[in-house]
Amino acid sequence: MGKYKYLAKNIGLLSLSSFATKLLQFFLVPLYTNVLSTEEYGIYDLFGTTISVLLPILTLNISEAMLRFALENRISRKSIVSISTRYFIISNGIVAFGLAINNIVGWSSVISTYSIFFFLMYFSSTLSNLVLAYIRGIDRIADLSISSVICSIITILFNILFLVWFKWGLVGYFIANIVGPVIQCLYLLIRAKTFKKICLTKKYEFEAKEMLHYSKPMIANSLAWWVNNAADKYVIIWFCSLAENGVYSVASKIPSILNVFSSIFSQAWTLSAVKDFDPEDKNGFFANTYAAYNCLLTLLCSAIIIADKGLAHFLYAKDFYVAWRYVPWLTIAVIFGALSSYLGGFFTAVKDTKMFAQSSMIAAGINIVLNLVFTPFIGVLGAATATTVCYFVMWILRLKHCRKIIKLKVNLKRDLLSYFCLVIQSVILLFAKNTLTMYCIEVSVFIVVLSLYISDIRKIVDKTLGAVKNRKG
C-alpha cells in the first residue's frame, strides 16, 4: 500500500471514531453547562487533570512502549500484553491505597466525598490508555473506530439519562463518562482476543527491560505535556477560584473542534512515520504532509476565531459565556501542540525518547513561570496566553532538532507570518467594541492567511482529485 494511501486509510478510519466521540460530545456542552454548576464542572475537570498526571507516573508510561513495540513485532505480543497488565494492576492498587489513606487522614475533602468515582475514573483511564495503544499498535484501526462509535453512543445516552431524566447532577456525569470507555475496552479486548495473551506468572525480564528503557524517558515527556495542558488549572484555582477553573475548562470545548482534526491525524501519522520513515525524504512525502497539515490547521484556527462568539452563544450557558475570551489563545495553542506531535512522530520512528522529554520539559518550565507571572495580574486570560507561548516554544525546539534526523523542508517565514495573523485576530476579538468593524477586520485577516497558503491549497486539491480519479479508474 502506498504511503499516502496508507495514511489516508488510517485517517478515514480514525475520523469515524474521533468524530463520533468528540463531535457528538461537543454538542452536549449546552447540556453540561445548563445542568452542572461552574464549581461542579470544575471538580470533574480537576479529577481528570489529576488522573492524567498520575497515570504516566504509576504505569511508568508503559502504554507508549506497548504502541511502539507492537508496531515492529520484535518481541512477542503475549509479553507486551502481560507486562502492561502487571503495571495496570499495580497502579490501580496504589491509587486505591492512596484514596483509603486520604479518607482516613482527610487531606482533600473533595476527593474524600467522591473517592469511589475518582478510583473508577482512574481505572477506566488506565484501561483505556493501555487497550487503545495496543489496538493501534497491532493495526486494528477498523475495530478501534467501531468501538469508539459504541463508546460515544453509550456515553451520550447515559449523560442524557442521568443528567436530564434522573437529575443525578455531578454523580450522573461521573458514571456516564466512566461506563462508556470501559465498555469500549471490553469490546476491543474480546475482538482482539487479548485475554488469551495475558500471562502474569512469567516474568519476561528481557522484554520488560526493553519496554521500560523506551517508556521511562517518556514519563518526563508525559508530565511535561500534563504541565502544558493542565498545570494552569491549578494556578487558576489558586489565584482565582474553582468556579473560574470550570469556566476555563469549558473554554477548551471550542478549540476541541481543531483538536479532533489534529488527534485524528496524529494517531494515523505515528503509524506512517514509523512504517515509512526515510531520513532523506526522497519523494517529499514528509514535507508534503507537514505543509498540508499546517495549512489546514492554520485556516481552521482562523475560522474558529471568527466564529468564536457565535459558537459561545450556542454552547455556553449562563456564567460559562465569558469563556469565549480564552478560546482564541487555546486554539492557537492546539496548532503548535499538533505540529509538535507531528514532529514527535520522527522521534518515535528512531526511538529518540530523550528529545521528546527535553523539548516538553523546557516548554513546561516556561509554562509554569508564565502562569505564575500572568495569572495574578490578568486572571484566566494569563493562563491561556502562557499555554500558547509554551507550545510555540516546544514546536520551535522540535523543529530545530528534527533537522538532525530528517531533511524536512518547511517554509518558516511564511508560517510565522500566518501565526502572527492569528494573534492579531485574537487581540481584535478581545478588544474591538464595534461588532461590525470587528468582523470586517477578522474576515480580512482570514483572507490574508488564505492567500499565504494558496499554493498549498492547490496541491491539496490536486492530490485529492488525483486520488479520486485513480480510484474511479
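Criteria and cut-off values
- Residues numbered from 1 in each chain as written.
- Predicted model: local features only at pLDDT ≥ 70, side-chain atom pairs only at ≥ 80, totals over all residues.
- Heavy atoms only, no water.
- Helix = DSSP H or I, 4+ residues; strand = E, 2+ residues; numbered from the N terminus.
- Buried < 20%, exposed > 50% of the residue type's maximum accessible area, 1.4 Å probe, protein only.
- Contact = heavy atoms within 4.5 Å.
- Areas by Shrake-Rupley, 256 points an atom, 1.4 Å probe, with all protein chains shown as cover.
- Axes fitted to C-alpha atoms, helices over the stretch in contact; angles between N-to-C directions.
- Parallel < 35°, antiparallel > 145°, perpendicular 65-115°, else oblique.
- Left-handed = near helix turned anticlockwise from the far one by under 90°.
- 1 Å grid on protein atoms, 1.4 Å probe; cavity = no way out; pocket = protein on both sides within 12 Å on 5 of 7 lines; lining within 4 Å.
- Points joined across faces, edges and corners; volume = space filled by probe spheres on them.
- Core = buried A, V, L, I, M, F, W, Y, C linked by side-chain atoms within 4.5 Å.
- Nonpolar A, V, L, I, M, F, W, Y, C, P; charged D, E, K, R; others polar.
- Phe/Tyr/Trp six-rings, centres within 6.5 Å; stacked < 30°, edge-to-face > 60°.
- Patch = residues over 30% accessible without salt bridge, like charges linked within 9 Å, V, L, I, M, F, W, Y side chains within 5 Å.
- Salt bridge = Lys/Arg side-chain N within 4 Å of Asp/Glu carboxyl O.

Caption draft 1: A look at the overall build of the chain. The helix and strand inventory of the chain stands at 19 helices and zero strands. Within the chain, the proportion of its 473 residues that are buried is 54%. Across the chain, contacts joining residues at least 24 apart in sequence account for 85% of those joining residues at least 6 apart. Within the structure as shown, the chain displays about 20,600 Å² of accessible surface, and the carbon and sulfur contribution to it stands at 67%.

Caption draft 2: Up close: the packing of helix H3 (residues 38–58) against helix H10 (residues 205–239). The contact between H3 and H10 brings their axes to 9 Å, and the two run at 155°. Relative to H10, the element H3 lies roughly antiparallel. The handedness of the crossing between H3 and H10 is left-handed. For the pair H3 and H10, the contacting residues are Asp45, Leu46, Thr49, Thr50, Ser52, Val53, Pro56 and Ile57 in the first and Ile219, Ser222, Leu223, Trp226, Ala230, Lys233, Tyr234 and Ile237 in the second.

Caption draft 3: Molecular detail of the layout of surface pockets. Each pocket or cavity is described by its volume, and for the second largest pocket that value is around 260 Å³. Elements with a contribution of two residues or more to the lining of the second largest pocket: helix H5 (77–105), helix H7 (115–137) and helix H9 (169–191). It is H7 that provides the largest number of residues to the lining of the second largest pocket, a total of five residues.

Caption draft 4: Region of interest: the nonpolar core. By size, the foremost hydrophobic cluster in this structure holds 92 residues, and its most contacted members are Tyr316, Tyr326, Leu343 and Leu408. Residues within four places of Tyr316 in sequence aside, it is in contact with Val29, Thr33, Val250, Ala251, Lys253, Ile254, Tyr321, Ala323, Trp324 and Val327. Counting residues in each nonpolar core, the second largest holds 28 residues, with Ile62, Ile75, Met211 and Tyr214 among its members.

Caption draft 5: Representation of the packing of H5 against H10 in the model. Interaxial distance between H5 and H10 falls to 10 Å at its minimum, and their mutual angle equals 70°. Comparing their axes, H10 and H5 come out roughly perpendicular. For the pair H5 and H10, the crossing hand works out as right-handed. Contacts between H5 and H10 involve Ser79, Ile80, Ile83, Ser84 and Tyr87 from the first element and Glu207, Ala208, Met211 and Leu212 from the second. Broken down by class, the residue content of the contact of H5 with H10 amounts to six nonpolar, two polar and one charged.

Caption draft 6: Just the side chain of Asn61, in detail. If you trace the backbone, Asn61 turns up in the loop between H3 and helix H4 (62–72). If near-sequence neighbours (up to four positions away) are discounted, Asn61 is found in contact with Pro56, Ser215, Met218, Ile219 and Ser222.

Caption draft 7: Highlighting the packing of aromatic side chains. What the rule picks out here adds up to 22 aromatic pairs. Measuring from ring centre to ring centre gives 6.0 Å for Tyr293 and Tyr342, while their planes differ by 35°; the resulting arrangement is tilted. Remark: Tyr342 occurs in helix H14 (residues 327–349) and Tyr293 occurs in helix H13 (residues 285–315); sequence separation between them is 49 residues. Accessibility assignment for this pair places Tyr293 and Tyr342 in one class, buried. Between Phe392 and Trp395, the aromatic rings sit 5.8 Å apart at their centres with planes inclined by 50°, giving tilted as the arrangement.

Caption draft 8: Quick peek at the environment of Lys309. Residue placement: Lys309 occurs in helix H13. Sequence separation between Lys309 and Leu429 is 120 residues, and the spatial gap between their C-alpha atoms is 8.7 Å. Residue contacts for Lys309: discarding those within four places in its chain leaves Tyr321, Trp324, Leu429, Met438 and Tyr439.

Caption draft 9: Structural context of a nonpolar patch on the surface. Taken together, the side chains of Ile89, Leu186, Ile190, Phe195, Ile198 and Leu200 make up a nonpolar region of the molecular surface, amounting to roughly 540 Å² of accessible area. With respect to the element layout, Ile198 can be found in the loop between H9 and H10. Given the relative accessible area of 32%, Ile198 is considered partly exposed.

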